[in-house]
Amino acid sequence: MKNINKKKGILFWITGLSGSGKTTIGKKIYKEITKIYGPTLIISGDNIRSIFNLKGYNYRDRLEVLKKYTKFAKYITNQKINLIFAVVGLVEKTRRWNKKNIDNYVEIYIKSNLKNIEKLNRKKYLKQKKTGTVIGINIKPEYPKKPDIIINNHFKEPTDKLAKKLLVKINNLLY
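Q: Is there a simple way to think about the pattern of salt bridges in this case?
A: Close approach of charged atoms allows side chains with opposite charge to pair. Enumeration according to the criterion identifies 10 salt bridges in this entry. Among the ionic pairs, Lys35 bridges to Glu32, the shortest N-O distance being 3.7 Å. With a gap of three residues between them, Lys35 and Glu32 both fall in helix H1 (residues 22-37), about one helical turn apart. Of the residues examined, Glu32 reaches a relative accessible area of 29% and is grouped as partly exposed. For the salt bridge of Glu107 with Lys99, the shortest nitrogen-to-oxygen distance reads 4.0 Å. The exposure class assigned to Glu107 is buried, which follows from its relative accessible area of 1%. In the salt-bridge network here, residues are joined through shared partners; they are Glu92, Arg95, Lys99 and Glu107.

So, in structure tokens, the structure goes:
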């Protein structure tokens with residue numbers, strides 16, 4: 001069981017390869033997280049990039065963008081608002097910063113096979129492959145070593161079922 005500071009919100013940092021189901025699963029747990037843990041926002045890396053017009057997908061650009069994500073997440077959770085943040089975020093340095101600086105940090109890794117993702121999302125991957133910006137293909141991912149929760153997405157189960165599994169694991173971790 002994880003110790004929770006009741007004066008702050010919880011950051012549910014959902015990470016994994018692009019196309020692994022992070023945002024879809026995050027959206028499916030939103031209502032239940034709000035019901036159990038209180039006011040909650042959900043945002044994806046794509047959402048926040050669009051809101052703040054953040055550009056660049058090479059490794060260095062991604063590091064800068066991740067710094068902004070983590071500061072944003074800390075700001076929100078310090079106001080006693082939970083945040084479900086679905087982001088590729090496969091950079092160990094970022095996750096270490098989160099663990100050290102965000103009181104109620106829950107790291108969730110959606111583990112999936114790149115070949116399955118490519119099959120399901122062919123057009124997006126071919127386009128990104130040309131620009132050299134795909135983590136797992138052109139940029140080496142730094143997979144979580146000790147996430148709080150791992151959800152295996154082999155694309156054989158519906159995302160509703162994966163979301164239910166995730167909620168059980170979250171509740172077991174926090175209660």
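Q: What's the story with the environment of Asn58 in this structure? I'm lost.
A: When you line up the elements, Asn58 lands in the loop between helix H2 (45-51) and helix H3 (59-77). Residues Asn58 and Ile139, 81 residues apart in the sequence, show an inter-C-alpha distance of 7.6 Å. Within the local environment of Asn58, its side chain forms a polar contact with the backbone nitrogen of Arg60, the two atoms lying 3.1 Å apart. Reaching out from Asn58, the side chain makes a polar contact with the backbone nitrogen of Asp61 at a distance of 2.8 Å.

About the cut-offs
Note on numbering: residues in each chain are counted from 1, in written sequence order. Per-residue local features are limited, in this predicted model, to residues with pLDDT of at least 70; the limit for side-chain atom pairs, both in listing and counting, is 80 or more; totals at the level of whole chains, interfaces and linings are taken over all residues. Processing note: side-chain calculations cover all non-hydrogen atoms of the structure and skip hydrogens and water entirely. We define a salt bridge as a side-chain nitrogen of Lys or Arg found within 4 Å of a carboxyl oxygen belonging to Asp or Glu. Runs of E in the DSSP output that reach at least two residues are strands. Runs of H or I that reach at least four are helices, and both are numbered from the N terminus. For every residue, the accessible area (1.4 Å probe, protein chains only) is compared with the maximum for its type, and the residue is labelled buried under 20%, exposed over 50%, or partly exposed between those bounds. In the analysis that follows, any N or O atom pair within 3.5 Å is treated as a polar contact, provided that within protein one partner can donate a hydrogen and the other can accept it, and provided that, for residues neighboring in sequence, both atoms belong to side chains.

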